[in-house]
Every structure is written in C-alpha cells, then in structure tokens.
Amino acid sequence: MSAVTQERYRPRRIRSLGRTIANETALKLYGIEVEGAALGPVSIERAKYVLAAHAPGPGHVGFAILHRGEEAVWLLLHWWMAGGILAERLWRAPLGSAQAGFEPVDRPLMACVWELVPIAFERDAYVATVMNGGTEADYLSRELAEGWY
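No experiment lies behind these values; they were computed from the predicted model shown. (Residues numbered from 1 in each chain as written. Predicted model: local features only at pLDDT ≥ 70, side-chain atom pairs only at ≥ 80, totals over all residues. Heavy atoms only, no water.)

*Asks:* Hey, could you run me through helix H1 (residues 41-54) in this one?
*Replies:* Residues that lie three or four places apart on an α-helix share one face, since the helix turns once every 3.6 residues. Taking 1.5 Å per residue as the helical rise, H1 with its 14 residues ought to reach 20 Å, and the 20 Å between its terminal C-alpha atoms agrees with that figure. All buried positions along H1 are accounted for by Ile44, Ala47, Val50 and Leu51. Projection of H1 onto a plane perpendicular to its axis shows the buried side chains occupying an angular sector of 125°, all on one side. Seen from the buried face of H1, the exposed residues on the opposite side, beyond 90 degrees, are Pro41, Tyr49 and Ala53. As for H1, its buried residues are in contact with strand S1 (13-22), strand S2 (25-33), strand S3 (61-68), strand S4 (72-81) and strand S5 (85-94). (Helix = DSSP H or I, 4+ residues; strand = E, 2+ residues; numbered from the N terminus. Expected span 1.5 Å × (residues − 1). Buried < 20%, exposed > 50% of the residue type's maximum accessible area, 1.4 Å probe, protein only. Arc of directions from axis to C-beta. Contact = heavy atoms within 4.5 Å.)

Here is the structure:
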C-alpha cells in the first residue's frame, strides 16, 4: 500500500502580489489560490510581517509564495545565494482563524506541485539575468504571468 494518496490535479490561480522589501531583501511576492478561496489582505499583511522578520538582509534578492490551499495557508521564502543556490524557509497558518499567525514548518517539506510553478519560473529568470551578466534589477523585472497553472 502506498503512503502517497493519489488525487486529481486541478489548476490553481497564481498571480503577482507585487514586490516588497523585507529586511533590506528585494522580493517578488506571488499568491496562489485554490479555486473559490482568495487570499485576504490580512493573510498578505501577516506574510509581509513574517518575511520582514526572516529575510536574510542586504545583498540578497528572491521571491516569496503565499499559498491559500485546501488545508492551510503556506508561506515560502526563497532567496538567492552565491553560486546560484536557492535558500528556503517555510511557514504554515491554519485556515479560518483571524488570530492565528504563521508557524515555522519542520522539514522535510519543500514545495507542492503548484508552488513549483513560480519556483521553476524564478530559476529560469535568475539564470537568464544574474547568472548571464544581467543585474538584480533585470531579475526583479521578470514576473510570472497571472494564470491558472
């Protein structure tokens, strides 16, 4: 018997939530929403607060993903390090609780199939810009198109 439950893939909406500066780290912020459940402004503001407290600081650029799924709201922070290495931190908040904040998630989790869409895009954007003679501003100007992925 498999420990992995098989489920049917249903696209989720992925969109830009703009850019933010968190602890002097320039970040692109993406939102992912399960059909019929939008990210609210409170979740976005709480996410920005967490990012400000945990981003690595000056000299880094990256992206964050705020994902309103079926079981929780997930926050993934990614930043680029020397050598083309992508670092990550991950948090989770329960659904439907106005008082609950984001709590760190223990490994071995990394990302789900929907979160891998902006991660793949950001990898390609970083390679095409910073790792090929472009600037961090060039990298930050590239953004995944809004859509259902």
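Here the narrative resumes, following the displayed structure.
*Asks:* Just to check I follow, could you spell out helix H2 (residues 116-128) for this structure?
*Replies:* Across its 13 residues, H2 extends 18 Å between first and last C-alpha, which sits within 8% of the 18 Å expected from 1.5 Å per residue. Residues of H2 that are buried include every one of Pro118, Ile119, Glu122, Ala125 and Tyr126, and no others. With its buried residues spanning 125° around the axis, H2 presents them on a single face. Against the buried residues of H2 lie S1, S2, S3, S4, S5 and helix H3 (136-141).

*Asks:* Looking at this model, I keep getting lost on the pairing of S3. Mind explaining?
*Replies:* The side chains of a regular strand alternate, first on one face of the sheet and then on the other. Burial runs high along S3: seven of the eight residues are buried. In this sheet, S3 lies alongside S2 in parallel orientation, the contact comprising eight bridges. Bridged to Tyr30 within S3 is Ile65. On the question of chirality, the crossover connecting S2 to the parallel S3 by way of H1 is left-handed. Taken together, the seven bridges between S3 and S4 define a ladder with antiparallel strand orientation. Bridging from a neighbouring strand, Phe63 pairs with His78 of S4. (Pairing = 2+ DSSP bridges. Right-handed = clockwise from strand over helix to strand, strands pointing away.)

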